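# Survey of secondary and tertiary structure
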Amino acid sequence: MSYTTSQSQTGLGTLIQINTGTITTPTWTTIGEITKSNLSGKKNNFDDVTNLQSLAEEFLATISTSGTFHLTYNRVSTNTGQTAVVTAWTGAAKTQFKITLPINTAAGQSSQGDTFVFLAYVEELNDVGQLEPKKAIVSETTLKATGAYTFTEGS
Amino acid sequence: MIEQGLVKLIQTGLTDAFSQAVPGGYATELPKDLIGVQGSQVFKAWLYRSMDRPGNYVLQGIEGLTNWTVQIDCYGYNPSDAIDLGYAIDAIVNGFSGTLTDSDSTVVEGIFRQGSLIDSFSDVNRAYVRSLEFLVQYYQI
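The sections below set out a description of the structure shown in this document. (Residues numbered from 1 in each chain as written. Chains lettered and ligands numbered in written order. Predicted model: local features only at pLDDT ≥ 70, side-chain atom pairs only at ≥ 80, totals over all residues. Heavy atoms only, no water.)

### What about the overall build of chain B?
- A tally of helices and strands in chain B yields two helices and eight strands.
- Secondary structure elements of chain B, listed N to C terminal, follow the sequence α-β-β-β-β-β-α-β-β-β.
- For 141 residues, the compact-globule formula gives about 14 Å, and the C-alpha radius of gyration of chain B, at 16 Å, lands near that figure.
- A principal-axis box enclosing the C-alpha atoms of chain B has dimensions of 55 × 25 × 25 Å.
- When each of the 141 residues of chain B is scored for burial, the buried share is 48%. (Helix = DSSP H or I, 4+ residues; strand = E, 2+ residues; numbered from the N terminus. Rg over C-alpha atoms; globule rule 2.2 N^0.38 Å. Buried < 20%, exposed > 50% of the residue type's maximum accessible area, 1.4 Å probe, protein only.)

### Re the sheet that holds strand β3 (residues 34-40) of chain A
Residues and elements named next belong to chain A.
- Strand order in the open sheet formed by seven strands is β2-β1-β7-β8-β9-β6-β3, with antiparallel pairing between adjacent strands. With partners counted over all chains shown, the strands left at the sheet margins are β2 (28-30) and β3, one partner each. On average, each strand axis in the sheet is tilted by 35° relative to the strand beside it, whichever way the strands run.
- Relative to strand β7 (residues 95-100), strand β1 (residues 15-19) is paired through four bridges, and the arrangement is antiparallel. By the bridge assignment for β7, Q17 is matched with K98.
- Along the sheet, helix α1 (residues 80-91) contacts β1, β2, β6 (68-74), β7, β8 (115-126) and β9 (138-152); its crossing angle with β8, the most-contacted strand, is approximately 70°. (Pairing = 2+ DSSP bridges. Axes fitted to C-alpha atoms, helices over the stretch in contact; angles between N-to-C directions. Contact = heavy atoms within 4.5 Å.)

### Considering the pattern of salt bridges
Residues and elements named next belong to chain B.
- This structure, assessed with the given rule, holds six salt bridges over all chains.
- Where D90 meets R113, a salt bridge forms, and the shortest distance between an N and an O atom there is 2.9 Å. A residue pair is termed long-range when its members are at least 10 positions apart, and D90 in helix α2 (residues 79-93) and R113 in strand β7 (residues 107-122) qualify at 23 residues.
- Looking at D90, the relative accessible area reads 13%, which means it is buried.
- Relative accessible area serves as the criterion here: at 43%, R113 is assigned to the partly exposed category. (Salt bridge = Lys/Arg side-chain N within 4 Å of Asp/Glu carboxyl O.)

Honestly, that's just the spatial picture; any functional story needs more than this.
Written out as structure tokens, the structure is:
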């Protein structure tokens, strides 16, 4: 099909959830009032195998790094998802998370958006961030992903 | 509605401050010939005009905490009338936090005076004007 217009989408409607159940029987609890999510450090890693017979630098792909999610959200102490994040940080527990993107109608999706399920540690939790009189109290947390993602394309 | 709540807040406070009702809470324009026309006993009046109210969004949708910038114009027959009214309104709203008495019982996180303070004269209303600007943070239902 020839190009007519962009099929990109915004993040509005994204759900970022934490599993408060078990791996086999998950209970997905939405982490409420997230204003921003930023993934960084998801990359392939390489070893340098350059040798005397190389004509140029040579690298060997080793194992990938799944990266780190940095979440910013309005602090609401009674939000069950945010409370679960605190619990995961306190116990340094490997916890399952799920990101469900909005349904991309322009791309032909109609029932479910793309999902990413992964395990992560709550590496950093600044739950009482900056306190300013004219600004909402904002929490910031870093999820260090461990292992591979399970990606499911929406439909 | 926040507009209704703000007007009620100011009007109640002005009645206490000046021991009489002060005409006000008009949106954008005063009624014609309200101030200082021969025989009129109205020397002070105020209106509000909405300046800015951007939507705040979280990933799940629109966020309830809303920032509303509102300009309040304080009119006076004499310069001192406009200035007195300005100080009185500032004393009522600046730093306010609580629940308003509008039909929605709007919860206000805080009202903050912004930097703008402009004195002028209104030819249309034949009155002196002190314009104040406030940031109202409230929960939009």
